[in-house]
Amino acid sequence: MTEVQREAMEYDVVIVGAGPAGLSAAIRLKQLDADLQVVVLEKGSEVGAHILSGAVLDPVGLTKLIPDWKEKGAPLNTPVTEDNFYLLGEAGKIRVPNFPMPPLMNNHGNYIVSMGNVCRWMAEQAEELGVEIFPGMACSELVYGGNGEVKGVVAGEFGKNADGTEGPGYEPGMELLGKYVFISEGVRGSLAKELIAKYDLSKGKEPQKFGIGMKEIWEIDPAKHKLGSVSHTMGWPLGSNAGGGSFIYHLENNQVYVGFVVHLNYKNPYLFPYMEFQRFKHHPMVAELLEGGKRVAYGARAITEGGYQSMPKMVMPGAALLGCSVGMVNVPRIKGNHNAMLSGIAAAEAAHEAIAAGRASDELTAYETTVRDGEIGQDLKKVRNVKPLWSKYGLFPSLALGGLDMWTNTLGFSFLGTIGHGKTDAEATETADKHTPIDYPKPDGKLSFDRLTNVSFAMTNHEESQPCHLKLADPEIPLKKNLPQYAGPSARYCPAGVYEFVGEGDEKTFQINFQNCVHCKTCDIKDPAQNINWTTPQGGDGPNYPNM
Ligand SMILES: Cc1cc2nc3c(=O)[nH]c(=O)nc-3n(C[C@H](O)[C@H](O)[C@H](O)COP(=O)(O)OP(=O)(O)OC[C@H]3O[C@@H](n4cnc5c(N)ncnc54)[C@H](O)[C@@H]3O)c2cc1C
């Protein structure tokens with residue numbers, strides 16, 4: 001095999017991913033030293049195209065980065081005006097009053113935003129400072145130096161044939177090399193996964209945990225729209241089948257974000273997260289709100305849930321993991337954007353100091369110390385037991401115990417210490433013989449939609465002639481193991497209908513419709529055999545989210 005020859009470009013800092021973490025790092029680096037050469041590479045066709053969040057934004061990170069964001073026109077237009085939390089039964093609801101909630105759960109001072117639009121605005125700020133941003137550039141490989149250090153990434157390889165050979169318009173891409181490389185790919189990044197394994201970064205830590213979040217944007221009847229209203233629910237329809245819940249946020253233009261998160265440590269392989277979401281919209285409280293409205297966009301993305309005890313080591317020679325490549329979501333608040341921004345700032349400050357001292361390609365230990373001991377660590381430490389309590393005891397006991405633990409942690413102590421998560425989400429899946437299939441109602445096409453129709457509202461696109469970016473370590477496993485033992489769970493856990501078992505009996509085949517992929521990474525996380533490796537497709541491919 002001939003080695004691919006590539007041109008190389010040198011920078012001070014190379015940043016993978018134009019999410020809130022990567023863009024914050026880029027902006028802070030240029031604020032600290034306008035002469036630093038900084039590049040940001042983004043696999044989406046434009047900045048924001050692959051961003052999917054709730055999103056209620058705690059502006060603490062943005063204010064630290066750009067204190068005059070209001071004057072500069074940041075798209076934070078909708079302050080939260082009311083905060084509701086409901087426990088749902090099939091036909092009814094109980095509103096939990098706000099007063100027993102720990103103060104950290106309060107959304108006062110937060111904003112309902114499109115994080116896609118916030119990232120687009122942040123990219124403009126970064127470019128004004130001289131940051132080079134290249135969208136449509138998927139970073140597909142890491143470049144290592146002679147001493148095992150990370151030197152850079154390969155980005156922009158295009159035009160391979162489906163079998164992996166070079167097609168007529170093949171472009172080898174470039175090597176982008178830096179004194180430091182920041183990996184800010186968000187949840188379950190493909191380069192982060194390689195680095196965590198190579199440098200054994202999760203050694204001594206709890207396994208990372210995840211949820212799958214699905215979201216629709218609805219335009220609703222203006223008479224029902226309450227600008228700034230935030231609601232969260234738990235309970236029906238998941239019940240005891242899985243942890244999770246919903247969010248309903250009223251943003252501008254009579255639009256509402258309706259979202260649903262299912263924790264991926266569910267045991268029953270028949271569970272169908274997408275159909276749980278569709279069923280949820282038929283609850284009277286939600287149906288009443290959405291009736292007469294129209295769904296204008298759909299998307300899905302995994303969310304990190306392991307929290308404080310699952311954060312891997314974040315630094316290795318020449319590179320650092322930022323934001324949700326580490327896993328910085330505060331689970332009970334369903335918020336990670338503020339910590340992603342704070343981590344970008346901390347990484348930039350550590351790299352700036354190192355470069356100013358003439359260092360390169362070493363470990364930015366100051367960054368990791370700031371994350372663990374500073375604002376991010378303090379934010380996550382207070383809520384570290386909420387997720388494991390939920391996994392161990394279910395919804396109601398965990399609400400009481402988790403609430404109490406958050407209160408005592410707010411006062412500076414915990415009766416519970418730090419509870420572990422134990423298993424990975426893949427290991428949590430049980431065999432089908434221990435469970436019964438779940439009967440989901442058919443979507444009605446008004447409130448609920450079949451998966452493929454909804455995927456068309458993610459505007460996802462993948463050039464079909466390229467190699468499938470969802471790689472099976474062993475192609476036999478889906479039919480020989482996952483189908484007989486786990487009833488083929490990939491056909492259900494994927495929110496985009498990528499995986500299909502087609503045909504009957506001996507004729508049955510496993511089909512991967514990679515064109516539908518919305519880059520949520522659930523398959524990489526939940527496959528019981530850990531047989532699916534999500535890799536980057538050609539840059540620019542994937543969803544094209546409007547204002548998610
Ligand atoms: C359903 C849902 C609801 C949420 N709600 C909220 C909320 O209300 N409030 C809140 O604060 N947080 C919320 N979060 C969490 C929040 O979205 C994350 O914490 C945040 O996105 C992390 O930012 P990040 O910059 O680390 O990663 P991301 O925002 O995921 O950005 C990563 C970027 O890197 C790009 N990328 C990835 N790999 C590569 C590669 N190899 N090459 C090039 N580019 C690459 C991606 O395309 C993406 O643009 C929610 C998450 C989900 C899924």
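The numbers attached to residues start from 1 for each chain and follow its sequence in the written order. In keeping with the predicted nature of the model, local features appear solely for residues at pLDDT of at least 70, side-chain atom pairs appear and are counted solely at 80 or more, and the whole-chain, interface and lining totals rest on all residues. Values reported for side chains reflect all heavy atoms of the structure, with hydrogen atoms and water molecules removed beforehand.

S.K.: I would appreciate a short explanation of the overall build of the protein chain in the present structure.
M.R.: Runs of E in the DSSP output that reach at least two residues are strands. Runs of H or I that reach at least four are helices, and both are numbered from the N terminus. Within the protein chain, the regular secondary structure consists of 16 helices and 24 strands. When the backbone C-alpha atoms are referred to their principal axes, the protein chain occupies close to 65 × 60 × 45 Å. Buried means the residue's accessible area, taken with a 1.4 Å probe over protein chains only, is under 20% of the maximum for its type, while exposed means over 50%, and partly exposed covers the values in between. Every one of the 548 residues in the protein chain was classed for burial, and the buried ones make up 61%. Two residues form a contact once any of their heavy atoms are found within 4.5 Å. Partitioning the intrachain contacts of the protein chain with sequence separation of at least 6 by distance along the chain shows that 78% fall at a separation of at least 24. Here the open area of atoms and residues is found with the Shrake-Rupley method and a 1.4 Å probe, where only the protein chains shown may cover a residue. Summed over all atoms, the accessible surface of the protein chain reaches about 21500 Å², with 52% contributed by carbon and sulfur. When charges are tallied, Lys and Arg are placed among the positive residues and Asp and Glu among the negative ones, while His and the ends of the chain are skipped. For this purpose, a charge sits on NZ of Lys, CZ of Arg, CG of Asp or CD of Glu. Taking the 50 positively charged and 64 negatively charged side chains of the protein chain as two groups, their mean positions are separated by 7 Å.

S.K.: Is there a simple way to think about the pattern of salt bridges in this case?
M.R.: Side chains bearing opposite charge may pair, as long as their charged atoms lie close to each other. Between Lys or Arg on one side and Asp or Glu on the other, a salt bridge is scored when a side-chain nitrogen of the former is within 4 Å of a carboxyl oxygen of the latter. In this structure the tally under the stated criterion is 22 salt bridges. With a shortest N-O distance of 3.1 Å, Arg120 and Glu46 are connected by a salt bridge. Here Glu46 lies in the loop between strand 2 (38-41) and strand 3 (56-57) and Arg120 lies in helix 3 (residues 115-128), a separation of 74 residues in the sequence. Here Arg120 falls in the buried class, since its relative accessible area comes to 17%.

S.K.: Explain the packing of aromatic side chains to me, please; I cannot follow it from the model alone.
M.R.: Two aromatic rings, taken as a pair, are described by how far apart their centres are and by the angle between their planes. Centre distance within 6.5 Å is the pairing criterion for rings of Phe, Tyr and Trp, where only the six-membered ring of Trp is used; planes under 30 degrees apart are then read as stacked, over 60 as edge-to-face, and the remainder as tilted. Here the structure, examined in full by the defined rule, presents 10 aromatic pairs. Aromatic pair Phe413 and Phe415: ring centres 5.4 Å apart, planes at 90°, arrangement edge-to-face. Taking the relative accessible area as the measure of exposure, Phe413 reaches 38% and is therefore partly exposed. The exposure class of Phe415 is exposed, given its relative accessible area of 64%. Every member of this aromatic cluster is reached through a ring pair, and the members are Phe260, Phe277 and Phe280. In this scheme, Lys NZ or Arg CZ marks a charge over a ring once it lies within 6 Å of the ring centre and within 35 degrees of the ring normal. Above the plane of the ring of Phe449 lies Arg295, whose end atom (NZ or CZ) is 3.7 Å from the centre.

S.K.: Even after reading the chapter, I still don't get the site of the ligand, so can you show me in this structure?
M.R.: Around the ligand, a shell composed of 36 residues is seen, among which Glu42, Ser53, Gly54, Val56 and Cys324 lie nearest. Here a polar contact is recorded for every N or O atom pair within 3.5 Å, except that within protein the pair must consist of a potential hydrogen donor and a potential acceptor, and residues adjacent in sequence are included only if both atoms are side-chain atoms. Gly336 is positioned such that a nitrogen or oxygen atom in its backbone is 2.9 Å from a nitrogen atom of the ligand. Notes on the ligand: free accessible area 990 Å², of which the protein chains cover 97%. Sorting the residues of the shell around the ligand by element identifies helix 1 (20-32), strand 18 (294-304) and helix 7 (337-356) as the ones contributing at least two each. Note on residue classes: Ala, Val, Leu, Ile, Met, Phe, Trp, Tyr, Cys and Pro are nonpolar, Asp, Glu, Lys and Arg are charged, and everything else, Gly too, is polar. When grouped by side-chain class, the residues that make up the shell around the ligand number 19 nonpolar, 12 polar and 5 charged. A single heavy atom is enough: if one lies within 4 Å of a molecule or strand, its residue is considered near that molecule or strand.

S.K.: Sorry, what's going on with the pairing of strand 15 (residues 229-235) here?
M.R.: The side chains of a regular strand alternate, first on one face of the sheet and then on the other. In terms of burial, strand 15 is largely enclosed, as 7 of its 7 residues are buried. Residues of strand 15 alternate between two faces, with Ser229, Ser231, Thr233 and Gly235 on one and Val230, His232 and Met234 on the opposite face, all of them buried. Examined bridge by bridge, strand 5 (residues 82-88) and strand 15 share 7 bridges and lie parallel to one another. Residue pairing in the sheet places Asn84 in a bridge with Ser231 of strand 15. Where strand 15 and strand 16 (residues 244-250) come together, 4 bridges link them in antiparallel fashion. Bridge assignment links Thr233 to a residue of strand 16, and that residue is Ser246. Two strands are said to pair when DSSP picks up at least two bridges between them.

S.K.: Is there a simple way to think about the sheet that holds strand 15 in this case?
M.R.: Strand-to-strand pairing in sheets goes through backbone hydrogen bonds, with the strands running parallel or antiparallel. Strand order in the open sheet made by the 7 strands is 6-5-15-16-17-14-18, with mixed pairing throughout. Edge positions in the sheet fall to strand 6 (93-95) and strand 18, since each has one partner strand and no second. Averaged over all pairs of adjacent strands, the angle between strand axes in this sheet comes to 20°, irrespective of strand direction. Bridge count for strand 14 (residues 210-219) against strand 18 is 10 bridges, and the pairing is antiparallel. Counterpart to Ile212 in the pairing with strand 18 is Ala302. Every axis corresponds to a line fitted to the C-alpha atoms, with the helix fit spanning only the stretch in contact, and the corresponding angles, defined between N-to-C directions, vary from 0 to 180 degrees.

S.K.: Would you take a moment to explain the sheet that holds strand 3 for this structure?
M.R.: If you walk across this open sheet you meet the 3 strands as 3-7-4, and the pairing is antiparallel. Whereas interior strands pair on both sides, the edge strands pair on one side only; in this sheet they are strand 3 and strand 4 (78-79). Bridging between strand 3 and strand 7 (residues 111-112) involves 2 bridges; their strand directions are antiparallel. When the bridges of strand 7 are listed, Val56 appears paired with Ile112.

S.K.: Teacher, can you tell me more about helix 11 (residues 395-411) here?
M.R.: Helical geometry: 3.6 residues make up each α-helical turn, so side chains three or four residues apart lie on a common side. With 17 residues, helix 11 should cover 24 Å at 1.5 Å per step; its first-to-last C-alpha distance of 24 Å lies within 8% of that length. When helix 11 is considered as a whole, its buried residues turn out to be Leu395, Ser398, Gly402, Gly403, Asp405, Met406, Thr408 and Asn409. On its buried face, helix 11 sits against strand 5, strand 15, helix 9 (375-381) and helix 10 (386-393). A positive phi of about 110° marks Gly412, the residue just after helix 11. Expected span of a helix, by definition, is 1.5 Å for each gap between consecutive residues, and there is one gap fewer than residues.

S.K.: I'm lost on the nonpolar core in this one. Help?
M.R.: Within soluble globular proteins, side chains that are nonpolar tend to cluster in buried spots. What is meant by a nonpolar core is a set of buried Ala, Val, Leu, Ile, Met, Phe, Trp, Tyr and Cys residues, joined one to another through side-chain atoms within 4.5 Å. Among the nonpolar cores identified, the biggest contains 80 residues, and Val153, Phe182 and Tyr367 are the most heavily contacted of them. Take this core: its biggest share by element is 11 residues, from helix 7. Beyond its immediate stretch of four places on either side in the chain, Tyr367 contacts Met314, Val315, Ala320, Leu321, Leu322, Gly323, Met328, Ser343, Ala346, Ala347 and Ala350. If you look at the next biggest cluster of nonpolar residues, it comprises 71 residues, including Val256, Val258, Phe277 and Leu447.

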